[in-house]
Amino acid sequence: FLTHYLSPSDYGNVAMFQALNAIFSTVTIFGLRVPLLRMLSVSKTGRANYMTSVLCLAALTMLLAVFAAMLFDGYIRRTTHLSTLWIGLAIVSAGAGTIFQLFLTVYQADGKARSYGIWLNSSSFVNLLLSVALVAWFGLGWIGRALGIVLSICGAAGASLISLWRQNLVGVPVREDVQ
């Protein structure tokens, strides 16, 4: 559907944005899913402390991605032909995607395939709706498509954090020996 609204150049910009997002996602996830999955599968105690700690580590890796982007800003801009704003949005999107992936790991560890699928498909559906609306209705071209990606994953990350909080799976880490 979007092929009628996006030029080859627009597709190239979207592809560069998605490639940059994937590179930064590799940095922000930094191998956090596997240990989280292992811990959540093995133990039902201390989950909130562990999840909060993993989310804090994800925030630190996001800061690492920001630092790397600042360090290589000129090179990244020349290579991708994206502005510093879109490089920053790729980092935000990667960080939000990491939060969402860590959230989905809870459902994976608990064997809740239906909940996992509902959350994942809902995020994809919102991405589709936003992209179509921003590209077709508002005529934003590749910017609308990239913005649809950013807004949908940030919305999914926000909803994930709220859900984790409501399930008492995030909070201020408390050392168990101090309680």
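Structural data are supplied above this passage.
Overview of the structure. (Residues numbered from 1 in each chain as written. Predicted model: local features only at pLDDT ≥ 70, side-chain atom pairs only at ≥ 80, totals over all residues. Heavy atoms only, no water.)

1. As for the overall build of the protein
For the protein, the count of helices and strands is 7 helices and 0 strands. Mapped in sequence order, the helices and strands of the protein form the string α-α-α-α-α-α-α. In terms of principal-axis extent, the alpha carbons of the protein reach across some 60 × 40 × 20 Å. Among the 179 residues that make up the protein, the fraction classed as buried is 41%. Taking all contacts inside the protein whose residues are at least 6 apart in sequence as the whole, residues at least 24 apart take part in 74%. Roughly 10,100 Å² of accessible area belongs to the protein as shown, and the carbon and sulfur atoms make up 68% of that amount. If you average the places of the 11 positive and of the 5 negative side-chain charges in the protein, the two averages end up 6 Å apart. (Helix = DSSP H or I, 4+ residues; strand = E, 2+ residues; numbered from the N terminus. Buried < 20%, exposed > 50% of the residue type's maximum accessible area, 1.4 Å probe, protein only. Contact = heavy atoms within 4.5 Å. Areas by Shrake-Rupley, 256 points an atom, 1.4 Å probe, with all protein chains shown as cover. Lys, Arg positive; Asp, Glu negative; His and termini not counted. Charge placed at Lys NZ, Arg CZ, Asp CG, Glu CD.)

2. Some words on the packing of aromatic side chains
Taken as a whole, this structure holds 5 aromatic pairs when the rule is applied. Note on Phe17 and Trp86: the rings are 5.7 Å apart at their centroids and 90 degrees apart in plane angle, and the pair reads as edge-to-face. Within this pair, whereas Phe17 is found in helix H1 (residues 8-29), its partner Trp86 is found in helix H5 (residues 84-109), the two being separated by 69 residues in sequence. Across this residue pair, the class does not change: Phe17 and Trp86 are buried. (Phe/Tyr/Trp six-rings, centres within 6.5 Å; stacked < 30°, edge-to-face > 60°.)

3. Structural notes on the pattern of salt bridges
Taken as a whole, this structure holds 2 salt bridges when the rule is applied. Between Arg47 and Asp110 there is a salt bridge, and its shortest N-O distance comes to 2.7 Å. Remark: Asp110 occurs in the loop between H5 and helix H6 (113-137) and Arg47 occurs in helix H3 (residues 47-71); sequence separation between them is 63 residues. Overall, the relative accessible area of 11% leaves Arg47 in the buried class. Judged by its relative accessible area of 26%, Asp110 falls in the partly exposed class. Where Asp73 meets Arg77, a salt bridge forms, and the shortest distance between an N and an O atom there is 2.8 Å. Placement of both Asp73 and Arg77 in helix H4 (residues 73-80) is noted, with a separation of 4 residues, approximately one turn of the helix. Accessibility expressed as a relative area gives 16% for Asp73, which makes it buried. The class of Arg77 is partly exposed, set by a relative accessible area of 37%. (Salt bridge = Lys/Arg side-chain N within 4 Å of Asp/Glu carboxyl O.)

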